[in-house]
Amino acid sequence: MGEAVLKDIAKKRAIDIAVDSCGTGGYHVGESPDDRFTHILAADESNLQQLMRIKPKNSTADVRLWGSYLDNNPIPDPYYGGNDGFEKVFQQCTDLSNAFLDAVVGNAEL
């Protein structure tokens, strides 16, 4: 969900950025990191710790908790959020997308 929301918010704000999402599994062990990405956003502390463990020493990407751009809150799994879990996570991703874009590229509202 986070990838789709960030792409949508960036498009609405006329900001051209590459956005991709992935897991932290070992599917690409031994491959070089993709140097196009300057920021890697972790949904929660567990993801952040895993990303920091596997981050190559020569990587220049800024690896941070996505919530660090706003309120330091992790993104919860919406499946466990009750009837409105997905709506809450969608709103959180919207708020975090705007905060991230404000910090990285400034306020480029249409």
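Whatever comes next refers back to the structure up there.
The notes below deal with the structure included here. (Residues numbered from 1 in each chain as written. Predicted model: local features only at pLDDT ≥ 70, side-chain atom pairs only at ≥ 80, totals over all residues. Heavy atoms only, no water.)

**A few points about the pairing of strand β1 (residues 39–42)**
For a regular strand, the rule is simple: side chains alternate between the two faces of the sheet. The line we're drawing: Pairing between two strands is assigned when DSSP locates at least 2 bridges connecting them. We count a stretch as a helix when DSSP gives it H or I for four or more residues in a row; a strand needs E for two or more, and each element gets its number in order from the N terminus. Call a crossover right-handed when, viewed with both strands pointing away from you, the route from the first strand across the helix to the second goes clockwise.
Relative to strand β2 (residues 62–65), β1 runs parallel, the two being bridged by four bridges. What sits directly across from leucine 41, in β2, is arginine 64. Once the chain exits β1 it traverses helix α2 (residues 45–54) before rejoining the sheet at β2, and the crossover so formed is right-handed.

**Some details on the nonpolar core**
For clarity, the threshold we go by: The set of buried Ala, Val, Leu, Ile, Met, Phe, Trp, Tyr and Cys residues whose side-chain atoms join them within 4.5 Å is what this entry labels a nonpolar core. Partly exposed residues are those whose accessible area sits between 20% and 50% of the maximum for their type, while under 20% is buried and over 50% is exposed, using a 1.4 Å probe and protein chains only. When checking whether two residues touch, look at their non-hydrogen atoms; a contact exists if any pair is within 4.5 Å.
If you look at the biggest cluster of nonpolar residues, it comprises 15 residues, and the most contacted ones within it are Leu6, Trp66, Tyr69, Ile75, Cys93, Phe100 and Leu101. Elements with a contribution of two residues or more to this core: α1 (2–12) and α3 (85–105). Other than its neighbours up to four places away in sequence, tryptophan 66 contacts Gly2, Leu6, Leu41, Ala42, Ile75, Cys93, Leu96, Ser97 and Phe100.

**What about the packing of aromatic side chains?**
What counts, and what does not: Under the pairing criterion, centres of Phe, Tyr and Trp rings, with the six-membered ring standing for Trp, must be within 6.5 Å; the plane angle then separates stacked pairs below 30 degrees from edge-to-face pairs above 60, leaving the rest tilted. Charge-over-ring contacts are defined here by two conditions on Lys NZ or Arg CZ: a distance within 6 Å of the ring centre and an angle within 35 degrees of the ring normal.
What the rule picks out here adds up to two aromatic pairs. Look at tyrosine 69 and phenylalanine 100: their rings are 5.0 Å apart centre to centre, the planes differ by 90°, and that puts the pair in the edge-to-face class. Taken together, the residues span a long stretch of sequence, with tyrosine 69 in the loop between β2 and α3 and phenylalanine 100 in helix α3 at a distance of 31 residues. An identical accessibility class is assigned to tyrosine 69 and phenylalanine 100; each is buried. The interplanar angle of 85° and the centroid separation of 5.2 Å between the aromatic rings of tyrosine 79 and phenylalanine 86 together place this pair among those described as edge-to-face. Sitting over the face of the ring of tyrosine 69, arginine 64 holds its NZ or CZ atom 3.9 Å from the ring centroid.

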